[in-house]
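# Structure at a glance
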Amino acid sequence: MAADDRLTSSEHELAWRLREAHRRVRSLPVPAEERKRLARRLLAICDLAKRDLEHAAGRLDLFLLGIDVVVSDTPSTGNIAEGD
């Protein structure tokens, strides 16, 4: 019996989202100090999830929005043609 077998659907969804958030934080193109700060915030959300699932889910939503802002503000040398 796997540990996930005992989770409700809302707990399973939040666990999946937390794993995805950890993956995203690890792969962010930001300085190490910023990544550490984000990882600490995410750990606080994980700790909160042990006590209050709904509140943790809301905090995770805001955290992920913040990550989206960090990623969109990061300079890129992508495939944008000169002059566009």
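## Digging into the overall build of the protein
For the protein, the count of helices and strands is three helices and zero strands. Put simply, the protein runs from its N terminus to its C terminus through helices and strands in the order α-α-α. Buried positions account for 23% of the 84 residues belonging to the protein. In the protein, the proportion of contacts linking residues at least 24 apart, taken out of those at least 6 apart, comes to 56%. Carbon and sulfur atoms provide 55% of the accessible area of the protein, an area that totals close to 6200 Å².

## A look at the side chain of Arg17
Along the chain, Arg17 falls in helix H1 (residues 9-27). Ignoring any residue separated from it by four or fewer positions in sequence, one finds Arg17 in contact with Ala57, Leu60, Asp61 and Leu64.

## Brief notes about the nonpolar core
Counting residues in hydrophobic clusters, the biggest one holds 17 residues, and the most contacted among them are Leu18, Leu42, Leu60 and Phe63. Looking at this core, the elements that each hand over two or more residues are H1, helix H2 (32-49) and helix H3 (53-73). At six residues, the largest contribution of residues to this core is made by H3. With near-sequence residues (within four places) excluded, Leu18 lies in contact with Leu42, Ile45, Cys46, Ala49 and Leu60.

## Things to note about H2
Spanning 18 residues, H2 covers 26 Å between terminal C-alpha atoms, matching the ideal 26 Å at 1.5 Å per step. Of the residues making up H2, those classed as buried are Leu38, Leu42, Ile45, Leu48 and Ala49. With its buried residues spanning 110° around the axis, H2 presents them on a single face. Opposite the packed face of H2, turned more than 90 degrees from it, sit the exposed residues Glu33, Arg40 and Leu43.

Conventions we followed
- Residues numbered from 1 in each chain as written.
- Predicted model: local features only at pLDDT ≥ 70, side-chain atom pairs only at ≥ 80, totals over all residues.
- Heavy atoms only, no water.
- Helix = DSSP H or I, 4+ residues; strand = E, 2+ residues; numbered from the N terminus.
- Buried < 20%, exposed > 50% of the residue type's maximum accessible area, 1.4 Å probe, protein only.
- Contact = heavy atoms within 4.5 Å.
- Areas by Shrake-Rupley, 256 points an atom, 1.4 Å probe, with all protein chains shown as cover.
- Core = buried A, V, L, I, M, F, W, Y, C linked by side-chain atoms within 4.5 Å.
- Expected span 1.5 Å × (residues − 1).
- Arc of directions from axis to C-beta.

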